Amino acid sequence: ETGVTQTPRHLVMGMTNKKSLKCEQHLGHNAMYWYKQSAKKPLELMFVYNFKEQTENNSVPSRFSPECPNSSHLFLHLHTLQPEDSALYLCASSQDWVPYNEQFFGPGTRLTVL
Amino acid sequence: QQQVKQSPQSLIVQKGGIPIINCAYENTAFDYFPWYQQFPGKGPALLIAIRPDVSEKKEGRFTISFNKSAKQFSLHIMDSQPGDSATYFCAACYAGGTSYGKLTFGQGTILTVHP
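Residues numbered from 1 in each chain as written. Chains lettered and ligands numbered in written order. Predicted model: local features only at pLDDT ≥ 70, side-chain atom pairs only at ≥ 80, totals over all residues. Heavy atoms only, no water.

1. Overview of the pairing of strand 4 (residues 33–38) of chain B
All names here are of chain B. So the rule is basically this: Exposed residues in this analysis have more than 50% of their type's maximum accessible area, buried residues have under 20%, and partly exposed residues fall in between, with area computed by a 1.4 Å probe over protein chains only. Runs of E in the DSSP output that reach at least two residues are strands. Runs of H or I that reach at least four are helices, and both are numbered from the N terminus. Following DSSP output, two strands are said to pair if at least two bridges run between them.
The buried fraction of strand 4 is high, at six of six residues. Covered by surrounding structure in strand 4 are Phe-33, Trp-35 and Gln-37 together with Pro-34, Tyr-36 and Gln-38, the residues of both alternating faces. When strand 4 meets strand 5 (residues 45–50), the two strands line up antiparallel, connected through five bridges. Within strand 5, the position partnered with Phe-33 by the bridge is Ile-50. Here strand 4 pairs with strand 9 (residues 86–92) via four bridges, running antiparallel. Along strand 9, the bridge assignment pairs Trp-35 with Cys-90.

2. Brief notes about the side chain of Ser-93 of chain A
Residues and elements named next belong to chain A. In plain terms, the rule: Pairs of N or O atoms within 3.5 Å make up the polar contacts considered here, provided that, within protein, one atom can donate a hydrogen while the other can accept it, and that residues adjacent in sequence are counted only when both atoms are side-chain atoms. By the convention used here, residues are in contact when the closest approach between their heavy atoms is within 4.5 Å.
Relative to the helices and strands, Ser-93 is located in strand 9 (residues 87–94). For Ser-93, a relative accessible area of 0% gives the class buried. Among the polar contacts listed, one links the side chain of Ser-93 to the side chain of His-29, at a separation of 2.8 Å. Setting aside chain neighbours within four positions, we find Ser-93 in contact with Val-4, Gln-25, Leu-27, His-29, Ala-31, Met-32, Tyr-33, Glu-102, Gln-103 and Phe-104.

This is the structure in C-alpha cells:
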C-alpha cells in the first residue's frame, strides 16, 4: 500500500449504530487530518493530530470521536449520527503541522446515515 | 472573513480551450494559496500553489495568476484535455493566529473538457 488509505470506502449506518472509519498513511508523516466533504460545500476541516496529539477540533459535535494511536493511523468513531452527517469523509496527512506542507488525501469513506 | 469564494460552480470547455477558475478572499493575512484537483472516487491532490510575493506561477499547462490588491487568484489550464475533467478547489491559509495552518477551501468547480 502506498499513500493514504481509508477503510471502508462505503458505509451505511442507522442513527443508533456505532461504527469507525480507519485511515492509514504510508508516507512517514507526522500530521493527520479528518475532513468532511458535502455536496456543493467547501471541504471542512474536522480534526488535526500532530505527533499523535490533537491540535485542532473545529467545533465538531461529540458524536464524532477521533483517535490517533500512532503517527500512521487515525480513526473516526461514529455514534448516534444524524442524516445530515451523510458525506464523504476524507483523511489527509502531511510531513507535520506546518501551513505550507502539502497535504496528501486518501480516497475517502462515503458515509450514508439512514 | 475566513471564506474563500470560488467561481464558477461548473465549467464546460472544448478540448484545447483555456478554462479559468477564479477565487476571491477577504483575509489579508492569507499567505499561501494552493489549488487541488479531485477526480471521481479519489481524494484531492495538490496541483499547484503560490505565495503572494509573486503574481504568476506556471507548472506545465497550469498557471496561477495572483492579484494581491484585488485579493483574487485564478487557475488557468492551457490546451485543456479531456483528462483534465475533474473538480478543482482553491484554498488559502496562513501561519498565524487561531487559524494556524488551516486550509480554507473554496466550494469547488466541476470542469468538463469535451473531446
